[in-house]
Amino acid sequence: MPRVLNFNHLYYFHITAVEGSVKAAADRLGVTQPTVSEQIRMLERALGLPLFERTTSGLRLTDRGREAFEHTTTMFLAGERLADALGHESAPTSVTLRVGVSSAVSRTVAADFLMPVLTVEQCHPSIRTGDFTDLLRDLRAHEIDLLIGETEPIEAARPGIELAMIHRPALVAIAHPDVTPLQDWQNLSLLEYRTASAYHWEVDNFLSDKGLRPKTIGELDDAFLMLEAVVRGGFVAFVPNSVARQAVKLGRVQAIASFQPASAGVHALYHQTDSAELARKAVEKLIENARQLFEND
């Protein structure tokens, strides 16, 4: 006789996995935290294995827990499609889309760029920033659903991960209007991206190819902060063309070089599963929006 799992247990587990904590799940479900915890314990007992690791920072899905979450995501999405197909008239339930944005592109892709994520139907986006490497680990652990970063991971790091290029901006070297660069830029002080960023290595290769040798003065991972540092401190920095354009037009900075990166850009990564439909919709909107925003870059 086939084993039948309690639907309530599965739903409480699924919401807890989505929200990342028992408290957040209890708030969303409108029940007490002990109720959520007991439902999860009963499911773990029925399956005979742990689904979460209890850590000092909260809950983390185990390997089998992540596998279970893949199944429940597909199952509850299928339930929503069934309700739609049968003309269910109640208000659709929003599904949380957990988005991680790498620090190097966090402000570059903010505001207008990320607006499409907020307009995906039946989607409740939860957006956070962090280092690309940490976010990629969280994506593989199913702790986020969509990663937007500046790096294309090597093949060995991306089995089961879908990769899409959203936008590849030209990088523009900007300097204060009063600065006159020497031919080899030795009189300039360069603000670099951190070594964890693909932009760092793209700029490094460009400088090497052109025989340019500015003095490295510091590392940042925020293009807008770089822009303000150049305006106020007389540094040189490479920023996306969309960040530099208005400042150059207003005469706040001058553009002294530009190049098209070979691989760095704004990439979207998500899982190659049926449950990733929401992430795919968000990526499609991001690509179309970027095409319209940056068609002249």
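This structure is a prediction, so every number in the text was calculated from the model and none was measured.

Regarding the pattern of salt bridges
- Enumeration over the complete set of coordinates arrives at 13 salt bridges.
- Between Arg28 and Glu19 there is a salt bridge, and its shortest N-O distance comes to 2.8 Å.
- A relative accessible area of 33% means that Arg28 is categorised as partly exposed.
- With a relative accessible area of 30%, Glu19 lands in the partly exposed category.

A closer look at the sheet that holds strand 9 (residues 215-220)
- On the basis of which strands lie adjacent, the open sheet formed by five strands has the order 9-8-10-7-11 and mixed pairing. Here the strands that pair on one side only, and so sit at the sheet edges, are strand 9 and strand 11 (254-259). In this sheet, adjacent strand axes meet at a mean angle of 35 degrees when their direction is disregarded.
- Alignment of strand 8 (residues 189-193) against strand 9, held across five bridges, turns out to be parallel. Looking across to strand 9, one finds that Leu190 is bridged to Thr216.
- Contacts from helix 6 (residues 198-210) reach strand 7 (171-175), strand 8, strand 9, strand 10 (236-240) and strand 11 within the one sheet, and its direction differs from that of strand 11 by about 95 degrees.
- Against the sheet, helix 7 (residues 223-233) contacts strand 7, strand 8, strand 9 and strand 10, and its axis sits at roughly 145 degrees relative to strand 10.

A short note on helix 6
- If you check helix 6, its first and last C-alpha atoms are 19 Å apart, about what 13 residues at 1.5 Å a residue would give, namely 18 Å.
- Every buried residue belonging to helix 6 is among Ala198, Tyr199, His200, Glu202, Val203, Phe206 and Leu207, and all of these are buried.
- Following helix 6 by one or two positions, Gly211 adopts a phi angle in the positive range, close to 65 degrees.

Considerations on the packing of helix 1 (residues 7-19) against helix 3 (residues 33-47)
- For the pair helix 1 and helix 3, interaxial distance at closest approach is 8 Å and the crossing angle is 115 degrees. Our pair here, helix 1 against helix 3, has a crossing hand that is left-handed. Every residue of helix 3 that contacts helix 1 at Asn8, His9, Leu10, Tyr12, Phe13 and Thr16 is listed here: Thr35, Val36, Gln39, Ile40, Met42 and Leu43.
- Residues of the contact of helix 1 with helix 3, tallied by class, amount to seven nonpolar, five polar and no charged.

Here's the deal with unusual backbone geometry
- The phi dihedral of His142 falls on the positive side, at around 60 degrees, and the residue is not glycine.
- Looking at the secondary structure, you find His142 in the loop between helix 5 (132-140) and strand 5 (146-149).
- The backbone phi angle of Trp185 is positive, close to 65 degrees, even though this residue is not glycine.
- Here Trp185 lies in the loop between strand 7 and strand 8.

Some remarks on the side chain of Arg98
- Inspection of the secondary structure assignment puts Arg98 in strand 3 (residues 95-102).
- A polar atom in the side chain of Arg98 sits 3.3 Å from the backbone oxygen of Ala17.
- Polar contacts involving the side chain of Arg98 include one to the main-chain carbonyl oxygen of His142, which spans 2.9 Å.
- Excluding residues that lie within four positions of it along the chain, Arg98 makes contacts with Ala17, Val18, Phe69, Ser126, His142, Glu143, Ile144, Asp145 and Leu146.

Describing the packing of aromatic side chains
- If you walk through the whole model with that rule in mind, you get six aromatic pairs.
- Relative to Tyr199, the ring of Tyr193 lies with its centre 5.2 Å away and its plane at 45 degrees, an arrangement referred to as tilted. Like Tyr193, the residue Tyr199 is buried in the burial classification.
- Seen from their ring centres, Phe206 and Phe259 are 4.6 Å apart, and the 10 degrees between their planes marks the pair as stacked. Taken as a pair, Phe206 in helix 6 and Phe259 in strand 11 lie far apart in primary sequence, 53 residues in all.

Describing empty space enclosed by the protein
- All told, the structure shown has two cavities of 30 Å³ or more when counted by the stated rule.
- Of the volumes computed, that of the largest cavity is approximately 70 Å³.
- Forming the walls of the largest cavity are eleven residues, and the residues nearest its centre are Asp131, Phe132, Glu150, Ala196 and Ser197.
- Looking at the lining of the largest cavity, its residues break down into three nonpolar, four polar and four charged.

Conventions and cut-offs
- Residues numbered from 1 in each chain as written.
- Predicted model: local features only at pLDDT ≥ 70, side-chain atom pairs only at ≥ 80, totals over all residues.
- Heavy atoms only, no water.
- Salt bridge = Lys/Arg side-chain N within 4 Å of Asp/Glu carboxyl O.
- Buried < 20%, exposed > 50% of the residue type's maximum accessible area, 1.4 Å probe, protein only.
- Pairing = 2+ DSSP bridges.
- Helix = DSSP H or I, 4+ residues; strand = E, 2+ residues; numbered from the N terminus.
- Axes fitted to C-alpha atoms, helices over the stretch in contact; angles between N-to-C directions.
- Contact = heavy atoms within 4.5 Å.
- Expected span 1.5 Å × (residues − 1).
- Left-handed = near helix turned anticlockwise from the far one by under 90°.
- Nonpolar A, V, L, I, M, F, W, Y, C, P; charged D, E, K, R; others polar.
- Polar contact = N/O pair within 3.5 Å; in protein donor to acceptor, adjacent residues only side chain to side chain.
- Phe/Tyr/Trp six-rings, centres within 6.5 Å; stacked < 30°, edge-to-face > 60°.
- 1 Å grid on protein atoms, 1.4 Å probe; cavity = no way out; pocket = protein on both sides within 12 Å on 5 of 7 lines; lining within 4 Å.
- Points joined across faces, edges and corners; volume = space filled by probe spheres on them.

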